[in-house]
Amino acid sequence: DFASLYPNIMLSYNISPETMLCDCCKYYPKVVVPQLGYHICSSHIGLLPEVLRPILFRRFCYKARSKNKKYDKALYKEMQQAWKWVLLVCFGYTGYRNARYGRIECYESITAFSRDILLTAAETVEAAGYSVLHGIIDSLWVKPNKTGCISPVHLSRMISERTGIRMDIEGRYRWIVFL
């Protein structure tokens, strides 16, 4: 499971309504959205990435505390879930047609980067001797093709390094059914 994939994409690629298709980077774009060809400003940090940075940091801190016995696990689990929903709303608002501060190109760019990241992760998984059972939005379900494959933890680190987005292992299953 990628950790806060959409907000991390917004932060990593500087996606914000005022940074999309800017005039200052029109002729020499440094960041181009895969499949869409949109360019993103590399001269100015956008409002959304600026706002998301501390929220993401706080969510990751709370998530870590929710797994630590020194802290009230239930409290921090609820707090990190609340921040997760705030982050999801920030993504969704970029594509809302009546948003005062939204832009459909932002929404399209975030999902384009997400598809690209998921495909890169799948390539990494297969190169490491695993098979992809299923992938959707920000999650991959994989299984080893043979014994002696690298560990799932090592695999998640490889994917994180290759994509630039942290991937966490959310579970291990003896069996699974996709409907």
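Since we're looking at a predicted model, the values are computed, not measured.

Quick look at the overall build of the chain now. Summing up its helical and strand segments, the chain has five helices and four strands in all. Written out in order from the N terminus, the α and β elements of the chain read α-β-β-α-α-α-β-β-α. The principal-axis extent of the C-alpha atoms belonging to the chain is close to 55 × 40 × 30 Å. A total of 179 residues make up the chain; the buried ones form 39% of that total. In the chain, once contacts between residues fewer than 6 apart in sequence are set aside, the share between residues at least 24 apart is 58%. Just so you have it, the chain exposes about 11200 Å², and 56% of that area is on carbon and sulfur atoms.

Glancing now at the nonpolar core. If you look at the biggest cluster of nonpolar residues, it comprises 34 residues, and the most contacted ones within it are Phe2, Ile9 and Ile15. Elements with a minimum of two residues in this core: helix 1 (5-12), helix 2 (47-65), helix 3 (73-94), helix 4 (104-127) and helix 5 (152-163). In contact with Ile15, other than residues within four places in its own chain, are Ile9, Met10, Met20, Ile40, Leu48, Pro49, Cys106, Ser109, Ile110 and Phe113.

Together, Leu47, Val51, Tyr93, Tyr96 and Tyr101 give the surface a local cluster of nonpolar side chains, amounting to about 450 Å² of exposed area. Inspection of the secondary structure assignment puts Tyr93 in helix 3.

Here we take up the environment of Ile176. Inspection of the secondary structure puts Ile176 in the segment after helix 5. Judged by relative accessible area, Ile176 falls into the partly exposed class, the value being 35%. Taking the C-alpha atoms as reference points, Ile176 and Ser114, 62 residues apart in sequence, are found 24 Å from one another.

Next up on the list: the pattern of salt bridges. According to the stated counting rule, one finds six salt bridges in the structure shown. Put simply, Glu170 and Lys63 hold a salt bridge, and the shortest N to O gap is 3.7 Å. Taken together, the positions of Glu170 in the segment after helix 5 and Lys63 in helix 2 put the pair 107 residues apart, joining distant regions of the chain. You can call Glu170 partly exposed: its relative accessible area is 49%. For the salt bridge of Arg103 with Glu105, the shortest nitrogen-to-oxygen distance reads 3.1 Å. On the basis of relative accessible area, Arg103 is assigned to the partly exposed category, the value being 26%. In the salt-bridge network here, residues are joined through shared partners; they are Lys63, Arg166, Asp168 and Glu170.

Here we come to the pairing of strand 4 (residues 139-144). The two faces of a sheet get side chains in turn, since along a regular strand they alternate between them. By the bridge criterion, six bridges tie strand 3 (residues 130-136) to strand 4 in an arrangement that is antiparallel. Within the sheet, the bridge partner assigned to Tyr130 lies in strand 4 and is Pro144. Adjacent in sequence and paired antiparallel, strand 3 and strand 4 are bridged by two residues, among which Ile137 carries a positive phi angle near 50 degrees.

Below, the discussion takes up the state of the cysteines. Summed over the entire model, instances satisfying the criterion amount to zero disulfides. Cysteine Cys25 remains unbridged, with the sulfur of Cys22 as its closest cysteine sulfur at 3.7 Å. Of the residues examined, Cys25 reaches a relative accessible area of 3% and is grouped as buried. Cysteine Cys106 remains unbridged, with the sulfur of Cys22 as its closest cysteine sulfur at 12 Å. Look at Cys106 and you get buried, because its relative accessible area is 0%.

Rules used throughout
- Residues numbered from 1 in each chain as written.
- Predicted model: local features only at pLDDT ≥ 70, side-chain atom pairs only at ≥ 80, totals over all residues.
- Heavy atoms only, no water.
- Helix = DSSP H or I, 4+ residues; strand = E, 2+ residues; numbered from the N terminus.
- Buried < 20%, exposed > 50% of the residue type's maximum accessible area, 1.4 Å probe, protein only.
- Contact = heavy atoms within 4.5 Å.
- Areas by Shrake-Rupley, 256 points an atom, 1.4 Å probe, with all protein chains shown as cover.
- Core = buried A, V, L, I, M, F, W, Y, C linked by side-chain atoms within 4.5 Å.
- Patch = residues over 30% accessible without salt bridge, like charges linked within 9 Å, V, L, I, M, F, W, Y side chains within 5 Å.
- Salt bridge = Lys/Arg side-chain N within 4 Å of Asp/Glu carboxyl O.
- Pairing = 2+ DSSP bridges.
- Disulfide = S-S within 2.5 Å.

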